[in-house]
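Here is what each chain is made of, one letter per residue.
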Amino acid sequence: MAGRVDLDGNPIKPITICMIGAGGFIGSHLCEKLMSETPHKVLAVDVYSDKIKHLLEPATLPWADRIQFHRINIKNDSRLEGLIKMADLTINLAAICTPADYNTRPLDTIYSNFIDALPVVKYCSENGKRLIHFSTCEVYGKTIGAFLPKDSPLRQDPAYYVLKEDTSPCIFGSIEKQRWSYACAKQLIERLVYAEGAENGLEFTIVRPFNWIGPRMDFIPGIDGPSEGVPRVLACFSNNLLRREPLKLVDGGESQRTFIYIKDAIEAVLLMIENPARANGHIFNVGNPNNEVTVRQLAEMMTQVYSKVSGESSIETPTIDVSSKEFYGEGYDDSDKRIPDMTIINRQLGWNPKTSLWDLLESTLTYQHRTYAEAVKQAMSKTTAN
Ligand SMILES: NC(=O)c1ccc[n+]([C@@H]2O[C@H](COP(=O)([O-])OP(=O)(O)OC[C@H]3O[C@@H](n4cnc5c(N)ncnc54)[C@H](O)[C@@H]3O)[C@@H](O)[C@H]2O)c1
Ligand SMILES: O=c1ccn([C@@H]2O[C@H](COP(=O)(O)OP(=O)(O)O[C@H]3OC[C@@H](O)[C@H](O)[C@H]3O)[C@@H](O)[C@H]2O)c(=O)[nH]1
């Protein structure tokens with residue numbers, strides 16, 4: 001840790017970070033990185049701490065005096081402003097961010113992603129504190145290409161599908177497609193943060209993650225989350241593989257995504273934290289444009305990788321099709337394709353993703369198998385016995 005320097009060769013001073021949503025998937029990896037590789041302090045705010053328990057206990061851990069957990073719901077807790085004032089930098093990760101909630105709990109989704117984030121922006125702005133706010137690639141919505149005829153040659157032209165922070169439009173479906181409640185709330189909070197920067201001098205960075213995946217993402221239904229809960233696709237497919245049931249392809253699994261390994265993405269966030277002069281005032285796509293697959297291809301690859309890491313052969317019918325209405329309910333809609341343009345993050349921070357989709361699935365599914373296989377077996381044998 002000694003002699004750490006930023007991208008311009010200046011020594012990095014230890015800072016205190018107020019991390020809101022520190023107990024979630026991204027927060028847990030960011031806390032791990034900050035504790036093991038940097039001298040910075042973290043005031044970790046969340047309603048849950050299970051995913052960072054290994055960093056908080058026992059009190060003999062080498063970083064014990066650099067991380068403090070504050071069990072706070074930011075909706076209604078007056079301690080929040082004090083914590084933001086104590087810190088040099090606030091990182092806001094708190095959000096409802098699982099698609100199954102966007103159309104079924106649109107009010108909670110909008111409140112969580114817009115209203116609840118407002119005081120955080122206000123306290124940072126009023127107290128002259130730097131803010132790194134987590135937005136989403138969903139603010140781009142659908143690609144321009146999605147509106148071209150299926151056989152149009154323009155669909156092959158990157159100008160019609162690559163997503164650029166400074167030029168791409170935000171294209172959402174109609175209001176009754178409540179899927180877009182999340183993207184719209186995130187877009188408005190981005191605009192508010194940006195306006196605080198423009199009018200009141202708030203020092204901010206906005207992060208747009210493109211499908212970051214890895215260990216500790218979401219939950220396995222019935223094991224460490226509700227039986228009827230629907231997590232994001234990595235956990236849905238992991239759950240199906242662990243239970244030896246077919247992976248469900250929503251509307252044929254034709255949508256495309258680019259997946260990035262959480263550990264690659266965390267490197268980008270650490271660069272933003274430690275290079276404020278290069279990161280302030282910017283919006284950054286953080287994704288891996290080289291890891292594009294359709295959801296169907298993802299299912300096939302996860303089936304192969306899981307078979308390799310578990311030593312179990314795959315089942316006879318590895319996938320089944322399901323309609324989005326059946327799977328998510330009324331009001332679901334989807335992003336067709338998401339390839340991040342990397343020009344800005346490359347220019348400002350010299351960052352590039354490294355890990356291939358196969359490699360990241362191999363390490364993630366090894367973790368899923370090791371963590372859950374036994375618990376799933378036991379839960380399934382109990383259900384059969386009853
Ligand atoms: N993982 C991705 O690929 C991805 C993609 C796009 C955007 N994002 C954004 O990144 C951020 C973090 O995502 P994640 O994948 O770690 O999700 P996550 O659900 O694992 O983490 C969010 C955390 O915020 C906490 N939280 C929510 N509301 C809170 C409240 N009122 N008070 C205190 N804590 C609260 C939750 O308990 C949870 O631990 C979110 O803003 C999300 O929209 C993530
Ligand atoms: O079991 C499943 C789960 C999901 N899917 C499909 O897989 C794709 C990816 O689904 P995810 O649950 O990972 O969610 P999405 O990529 O659509 O959105 C995510 O992206 C960015 C973040 O802001 C959020 O974390 C989330 O909104 C979607 O097309 C979805 O319909 C399936 O086909 N089967």
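Since we're looking at a predicted model, the values are computed, not measured. (Residues numbered from 1 in each chain as written. Chains lettered and ligands numbered in written order. Predicted model: local features only at pLDDT ≥ 70, side-chain atom pairs only at ≥ 80, totals over all residues. Heavy atoms only, no water.)

Caption draft 1: Structural detail: the overall build of the protein. Within the protein one finds 14 helices and 15 strands. For the protein, whose C-alpha radius of gyration is 21 Å, the value lies close to the compact-globule estimate of 21 Å for 386 residues. When its C-alpha atoms are laid out on the principal axes, the protein stretches across 60 × 55 × 40 Å. In the protein, which comprises 386 residues, the proportion classed as buried is 53%. Long-range contacts, defined here as pairs at least 24 residues apart, represent 81% of the contacts in the protein between residues at least 6 apart. Considering the protein, the positive charge centre built from 42 side chains and the negative charge centre built from 48 side chains are found 3 Å apart. (Helix = DSSP H or I, 4+ residues; strand = E, 2+ residues; numbered from the N terminus. Rg over C-alpha atoms; globule rule 2.2 N^0.38 Å. Buried < 20%, exposed > 50% of the residue type's maximum accessible area, 1.4 Å probe, protein only. Contact = heavy atoms within 4.5 Å. Lys, Arg positive; Asp, Glu negative; His and termini not counted. Charge placed at Lys NZ, Arg CZ, Asp CG, Glu CD.)

Caption draft 2: Main features of unusual backbone geometry. At the junction of glutamate 57 and proline 58, the peptide bond is cis and its omega measures out at -5° in the coordinates. Looking at the element boundaries, proline 58 is found in the loop between helix H2 (53–56) and strand E3 (67–71). Despite not being glycine, aspartate 218 shows a phi value in the positive range, around 55°. Topologically, aspartate 218 is positioned in the loop between strand E8 (212–213) and helix H8 (233–242). On the basis of relative accessible area, aspartate 218 is assigned to the buried category, the value being 11%. Unlike most non-glycine residues, arginine 244 shows phi in positive territory, near 55°. Of note, arginine 244 is situated in the loop between H8 and strand E9 (247–250).

Caption draft 3: Expanded view of the pattern of salt bridges. Applying the stated criterion to the full structure yields 23 salt bridges. Arginine 296 is the partner of aspartate 321 in a salt bridge, and the nearest nitrogen-oxygen pair spans 3.4 Å. With a gap of 25 residues between them, aspartate 321 in strand E14 (residues 319–322) and arginine 296 in helix H11 (residues 295–310) connect regions that are remote in the sequence. Assessed through its relative accessible area of 30%, arginine 296 is described here as partly exposed. Residues participating in the shared-partner salt-bridge network are Glu138, Arg179, Arg257, Asp334 and Arg338. (Salt bridge = Lys/Arg side-chain N within 4 Å of Asp/Glu carboxyl O.)

Caption draft 4: Structural view of the site of ligand 1. Lining the immediate environment of ligand 1, one finds 24 residues, of which Phe25, Asp46, Tyr182, Lys186 and Trp212 sit closest. At 2.8 Å, a backbone N or O of phenylalanine 25 approaches an oxygen atom of ligand 1. In the environment of ligand 1, an oxygen atom lies 2.7 Å from a nitrogen or oxygen atom belonging to the side chain of tyrosine 182. Those elements giving two or more residues to the shell around ligand 1 turn out to be helix H1 (25–37) and helix H7 (181–200). Among the residues forming the shell around ligand 1, the class breakdown is 14 nonpolar, 7 polar and 3 charged. (Near = heavy atom within 4 Å. Polar contact = N/O pair within 3.5 Å; in protein donor to acceptor, adjacent residues only side chain to side chain. Nonpolar A, V, L, I, M, F, W, Y, C, P; charged D, E, K, R; others polar.)

Caption draft 5: Structural view of H7. Over its 20 residues, H7 extends 28 Å from the first C-alpha to the last, a length consistent with the 28 Å expected when each residue adds 1.5 Å. Inspection of H7 places Ser181, Tyr182, Ala183, Ala185, Lys186, Gln187, Ile189, Glu190, Val193, Glu196 and Gly197 among the buried residues, and these make up the whole buried set. Turning to H7, the residues buried within the fold contact helix H4 (99–102), helix H5 (106–113), helix H6 (118–126), strand E5 (130–134), strand E7 (204–209) and strand E12 (282–286). Immediately downstream of H7, the backbone of glycine 201 shows phi near 75°, a positive value. (Expected span 1.5 Å × (residues − 1).)

Caption draft 6: Local environment of the packing of aromatic side chains. Scanning all chains against the criterion turns up 7 aromatic pairs. Taken together, a centroid distance of 5.8 Å and an interplanar angle of 85° make the contact between phenylalanine 134 and tryptophan 212 edge-to-face. With phenylalanine 134 in strand E5 and tryptophan 212 in strand E8, this residue pair connects regions lying 78 residues apart in the sequence. Take tryptophan 212: its relative accessible area is 3%, and that puts it in the buried class. With centroids separated by 6.0 Å and ring planes inclined at 45°, the aromatic side chains of tyrosine 140 and phenylalanine 210 adopt a geometry described as tilted. Placement of the pair is tyrosine 140 in the loop between E5 and strand E6 (162–163) and phenylalanine 210 in the loop between E7 and E8, with a sequence separation of 70 residues. (Phe/Tyr/Trp six-rings, centres within 6.5 Å; stacked < 30°, edge-to-face > 60°.)

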